[in-house]
Amino acid sequence: MPESQTPATELTSQYVAQVTGDLERNTKEQERIGVEIEALQEQLRALQHDHTVLVNMQQALGSASPAAEAAAPSLPHQTSAEPKQSKPKKAAATSAKKTASKKPAAKASSVKASTAAAKPTLVELIRGHLEQESEPRSAAEITAALTQAHPDRSVKTTVVRTTLEGLVAKSHAHRAKQGSSVFYTAAAVSEPAPAEQQQEAAAG
């Protein structure tokens, strides 16, 4: 009897070991995919937020689009935005026609200029904050500071982090990793600042 039981016991232990290994691999794969899903959901939320902001900007700028198109038929930034924003563009065009029928083009363009001057973009706010700070700042710290400085704006850490990565890619900011945290500093560029001020003064 013991001789006949030994092979069966070994076979059972092999199955147990195999099932245990498969179970561990399955669990690790679930965890890995779960992390990827969370990261993708975070990216999706950031993209949806950016999409909403872009649609609002397009609708706000749409009031001056008939005059702008008549003066300059091909504008680079409008051309690049058309493929991505095909559906919202129709709504923006409709609102632009309504606005154009109510307001003169000159008045609409002046309103657009004053609105742009009153509300700087998130990129401008982040760059300005980094330039004011002497020490590196994380995305969470920058988000908290901007939320406190601009309570009327909805500033999310994911969007701030995406914007910071964009600035790093354009060499407008530097990224440094300390442990598991990532910190950002402004790029040491002195010439563009006066040029931007001159442009703003000329525009104003």
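Residues numbered from 1 in each chain as written. Predicted model: local features only at pLDDT ≥ 70, side-chain atom pairs only at ≥ 80, totals over all residues. Heavy atoms only, no water.

Colleague: Please explain the sheet that holds strand E3 (residues 181–186) as it appears in this structure.
Modeller: Paired through backbone hydrogen bonds, the strands of a sheet run either parallel or antiparallel to each other. Taken in spatial order, the three strands of this open sheet run E1-E3-E2, and their pairing is antiparallel. Of all strands in the sheet, those bounded by a partner on one side alone are strand E1 (137–138) and strand E2 (173–178). Relative to E3, E1 is paired through two bridges, and the arrangement is antiparallel. Residue arginine 137 lies in a different strand from E3, and its bridge partner there is tyrosine 184. Docked against the sheet, helix H8 (residues 157–169) engages E2 and E3, running at close to 115° with respect to E2. (Pairing = 2+ DSSP bridges. Helix = DSSP H or I, 4+ residues; strand = E, 2+ residues; numbered from the N terminus. Contact = heavy atoms within 4.5 Å. Axes fitted to C-alpha atoms, helices over the stretch in contact; angles between N-to-C directions.)

Colleague: Hey, could you run me through the packing of helix H6 (residues 122–132) against helix H7 (residues 139–149) in this one?
Modeller: In helix packing, the relevant descriptors are the interaxial angle and the interaxial distance, both defined with respect to the helix axes. Viewed as axis vectors pointing N to C, H6 and H7 meet at an angle of 110°, and their least axial separation amounts to 11 Å. Taken together, the axis directions place H6 and H7 in an arrangement best described as roughly perpendicular. Contact with H6, carried on its side by Leu122, Leu125, Ile126, His129 and Leu130, involves Ile142, Ala145 and Leu146 of H7 and no other residues of that element. For the contact of H6 with H7, the residue count by class is seven nonpolar, one polar and no charged. (Parallel < 35°, antiparallel > 145°, perpendicular 65-115°, else oblique. Nonpolar A, V, L, I, M, F, W, Y, C, P; charged D, E, K, R; others polar.)

Colleague: Is there a simple way to explain the pattern of salt bridges in this structure?
Modeller: This model, assessed by the stated rule, comprises seven salt bridges. Among the salt bridges present, the one from aspartate 22 reaches arginine 25, with a minimum N-O distance of 2.3 Å. Highlighted residues: aspartate 22 and arginine 25, both in helix H1 (residues 2–61), separated by three residues, approximately one helical turn. Under the relative-accessibility criterion, aspartate 22 is labelled partly exposed at 35%. Look at arginine 25 and you get exposed, because its relative accessible area is 55%. A salt bridge links arginine 137 to glutamate 135; the nearest nitrogen and oxygen atoms lie 3.9 Å apart. Three or more residues are tied together by salt bridges with common partners; here these are Glu29, Arg32 and Glu36. (Salt bridge = Lys/Arg side-chain N within 4 Å of Asp/Glu carboxyl O. Buried < 20%, exposed > 50% of the residue type's maximum accessible area, 1.4 Å probe, protein only.)

Colleague: Which parts of the structure should I look at to understand H7?
Modeller: Side chains of residues three or four places apart in an α-helix project in the same direction, reflecting 3.6 residues per turn. Listed in full, the buried residues belonging to H7 are Ala139, Ile142, Thr143 and Leu146. Summarising the axial view, the buried residues of H7 lie within an arc of 100°, below the 170-degree limit, and thus occupy one face. Its buried side turned inward, H7 meets H6, E1, H8 and E3. (Arc of directions from axis to C-beta.)

Colleague: Could you clarify how one ought to interpret the nonpolar core in this entry?
Modeller: General note: in soluble globular proteins, nonpolar side chains tend to be found buried as a group. Ranked by size, the top nonpolar core spans 15 residues in total, and within it Leu122, Ile126, Leu130, Ile142, Leu146, Val160 and Leu164 carry the most contacts. Examining the composition of this core, we find that five residues originate from one element, H8, more than from any other. Residues contacting leucine 130, with those up to four places away along its chain left out, are Ile142, Leu164, Ala173, Tyr184, Thr185 and Ala186. (Core = buried A, V, L, I, M, F, W, Y, C linked by side-chain atoms within 4.5 Å.)

Colleague: For this particular structure, what's the right way to read a nonpolar patch on the surface?
Modeller: Residues Val53, Leu54, Met57 and Leu61 make up a contiguous nonpolar surface patch of roughly 330 Å² in combined accessible area. Residue placement: methionine 57 occurs in helix H1. With a relative accessible area of 40%, methionine 57 lands in the partly exposed category. (Patch = residues over 30% accessible without salt bridge, like charges linked within 9 Å, V, L, I, M, F, W, Y side chains within 5 Å. Areas by Shrake-Rupley, 256 points an atom, 1.4 Å probe, with all protein chains shown as cover.)

Colleague: Any chance you could explain the confidence of the model for the protein here in plain terms?
Modeller: Atom-level detail of predicted coordinates should not be read off regions where pLDDT is low. Overall, the predicted model of the protein reaches an average pLDDT of 75, with 62% of residues at or above 70. The model gives residues 78–82 a pLDDT under 50, and that stretch makes two contacts with residues more than four places away or in other chains. With pLDDT under 50 throughout, residues 190–196 is counted as low confidence; its partners more than four residues away or in other chains account for one contact. (pLDDT = per-residue confidence, 0-100.)

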